[in-house]
Amino acid sequence: MRTTWTSTTLELARPLRISRGSMSARAAVWITVAADGHAGHGEVVGSPRLGLDLAAIETALRAITDRIAGCPGPEQVRALLPRLRAEFPLPVVAALDSAVHDVLARRAGVSLCAYLDLPPWDSAPTAYTIGLMSPSEAEATAHRMVRAGFTVLKVKAGAAEPAEDIARVRAIRSAAPSVELLLDPNGAWDVRTAVAVLGALADQDISAVEQPVAPGDPDRLAAVAKEVPMPVLADEDAGSIADLDRLPEGIGGINIKLAECGGLDAARTMLDWAKARALPVLLGCQASSSLGIAPAAQLAGVARWVDLDGHLLLAHDPWTGLGGADGTLRRPAGPGLGVRRGRAAA
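The structure displayed is predicted, hence computed values, not measured ones.

For this particular structure, what's the right way to read the sheet that holds strand 3 (residues 38-45)?
Sheet architecture is open: three strands sit in the order 1-2-3, paired in antiparallel fashion. A single partner strand is all that each edge strand has here, and the edge strands are strand 1 (2-18) and strand 3. For this sheet, the mean inter-axis angle between neighbouring strands, taken without regard to orientation, is 20°. Inspection of the sheet shows strand 2 (residues 21-35) paired to strand 3 by eight bridges, in the antiparallel sense. Bridge pairing links Val29 to Val44 in strand 3.

In structure tokens, the structure reads:
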């Protein structure tokens, strides 16, 4: 078994502004695990919030490669993943997790969804993210996405003036009266602001709001959930398995991001936790290529909401196979993840 990686930069088609700041590009590293004539792949992208730049990613990969050097095959690496999640940055372990699962499924000649015995899926609507922008820009973007075929839109919130968020959501709802709306302030509000803004938007038919208040004190989520009409989902407060038992009663669901929980095996533990409590799940992502999105897409059959549009935000996606530009992800054909490198990325 051999593990290699290569670094690249993913440019966004247009800057994405959220409450924490704006980004126009992301460093990315593609990991390849080769075994028995098959190759599996995974992607990790840099994250300022998680303190993960290219140097940190490569440092972690070198240490992980040393740790798994004695493993004779991908099965043994998969068994070691829980320990790796406890020792190394979770996004890096998630990329290795993707590559290991990919090569195992490819070797078995089946899709990764089938290999993991997950509920089958052929297509799933994905949300499209509308960042912080003026109401008129947001309205035009919503018009464009609806014409393209999107039936779910995620609206970023957390502007300096809450009135701007209210105006943006109302403009989007006016432009897209029949779509499902998700709201995501990325923890920008305090409890009072969250209750006031979400109360003002009670007539906008918002399906759910992600992490309206700053993470670190999950009881604040419950405080908001008691006062607003839409489900309140834990996002940053439910980043990993270790966070789950700190979540209070009263929340409306959790957002699962493979890069933050450590990969597919960890995500399945989180899914089991949510199912036992009858809580719906949103599948989230980062701005990344189709390779970075493909592992999470394997879980589409068990999610209430799918927000896997990271590859759609790029100026050029170096990997192909998932689709989504018309608002619908499609399960890639072929074994493993099913995605492949485009000609320009080869």
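How do you make sense of the pairing of strand 1 when you look at a structure like this?
Remember that side chains alternate between the two faces of the sheet whenever the strand is regular. Judged from the 13 bridges that link them, strand 1 and strand 2 form a sheet pairing that is antiparallel. Across the sheet, residue Thr9 finds its bridge partner in strand 2, namely Ala27. Following strand 1, the chain reverses through two residues before pairing antiparallel with strand 2.

When you look at the packing of helix 1 (residues 54-68) against helix 3 (residues 90-108) in this model, what are you seeing that I'm missing?
In a pair of packed helices, the angle between the axes and the distance between the axes together describe the arrangement. Relative to each other, helix 1 and helix 3 sit at 55°, their axes nearing to 10 Å. One way to sum up the angle between helix 1 and helix 3 is to call them oblique. Relative to helix 3, the crossing made by helix 1 is right-handed. Packed against helix 1, whose contacting residues are Ile57, Ala60, Leu61, Ile64 and Ile68, the element helix 3 presents Val92, Val93 and Leu96 at the interface. Its residues placed into classes, the contact of helix 1 with helix 3 shows eight nonpolar, no polar and no charged.

Explain empty space enclosed by the protein to me, please; I cannot follow it from the model alone.
Taking a probe equal in size to a water molecule and rolling it over the atoms shows the remaining empty space. Tallying each qualifying case throughout the model produces one cavity of 30 Å³ or more. A volume near 220 Å³ is recorded for the largest cavity. What lines the largest cavity is a set of 21 residues, and nearest its centre among them are Glu43, Leu258, Ala259, Gln286 and Gly292. Taken together, the elements giving at least two residues each to the lining of the largest cavity come down to strand 3, helix 3, helix 10 (258-261) and helix 12 (290-297). Sorting elements by how many residues they give to the lining of the largest cavity places helix 12 first, with five residues. Residue composition of the lining of the largest cavity, by class: 13 nonpolar, six polar and two charged.

Help me understand the pattern of salt bridges in this model?
Note on pairing: side chains with opposite charge can pair once their charged atoms come close. Inspection of the entire model under this criterion finds 18 salt bridges. Between Arg107 and Glu75 there is a salt bridge, with the nearest N and O atoms lying 2.0 Å from each other. Placement of the pair is Arg107 in helix 3 and Glu75 in helix 2 (residues 74-87), with a sequence separation of 32 residues. Classification of Glu75 as partly exposed rests on a relative accessible area of 36%. Asp243 serves as the salt-bridge partner of Arg246, at 2.5 Å between the closest nitrogen and oxygen. According to the relative accessible area criterion, Asp243 is buried, its value standing at 15%. A single salt-bridge network, built from bridges that share partners, covers Lys154, Lys156, Asp184, Glu210 and Asp307.

What counts as what
Residues numbered from 1 in each chain as written. Predicted model: local features only at pLDDT ≥ 70, side-chain atom pairs only at ≥ 80, totals over all residues. Heavy atoms only, no water. Pairing = 2+ DSSP bridges. Helix = DSSP H or I, 4+ residues; strand = E, 2+ residues; numbered from the N terminus. Axes fitted to C-alpha atoms, helices over the stretch in contact; angles between N-to-C directions. Parallel < 35°, antiparallel > 145°, perpendicular 65-115°, else oblique. Left-handed = near helix turned anticlockwise from the far one by under 90°. Contact = heavy atoms within 4.5 Å. Nonpolar A, V, L, I, M, F, W, Y, C, P; charged D, E, K, R; others polar. 1 Å grid on protein atoms, 1.4 Å probe; cavity = no way out; pocket = protein on both sides within 12 Å on 5 of 7 lines; lining within 4 Å. Points joined across faces, edges and corners; volume = space filled by probe spheres on them. Salt bridge = Lys/Arg side-chain N within 4 Å of Asp/Glu carboxyl O. Buried < 20%, exposed > 50% of the residue type's maximum accessible area, 1.4 Å probe, protein only.

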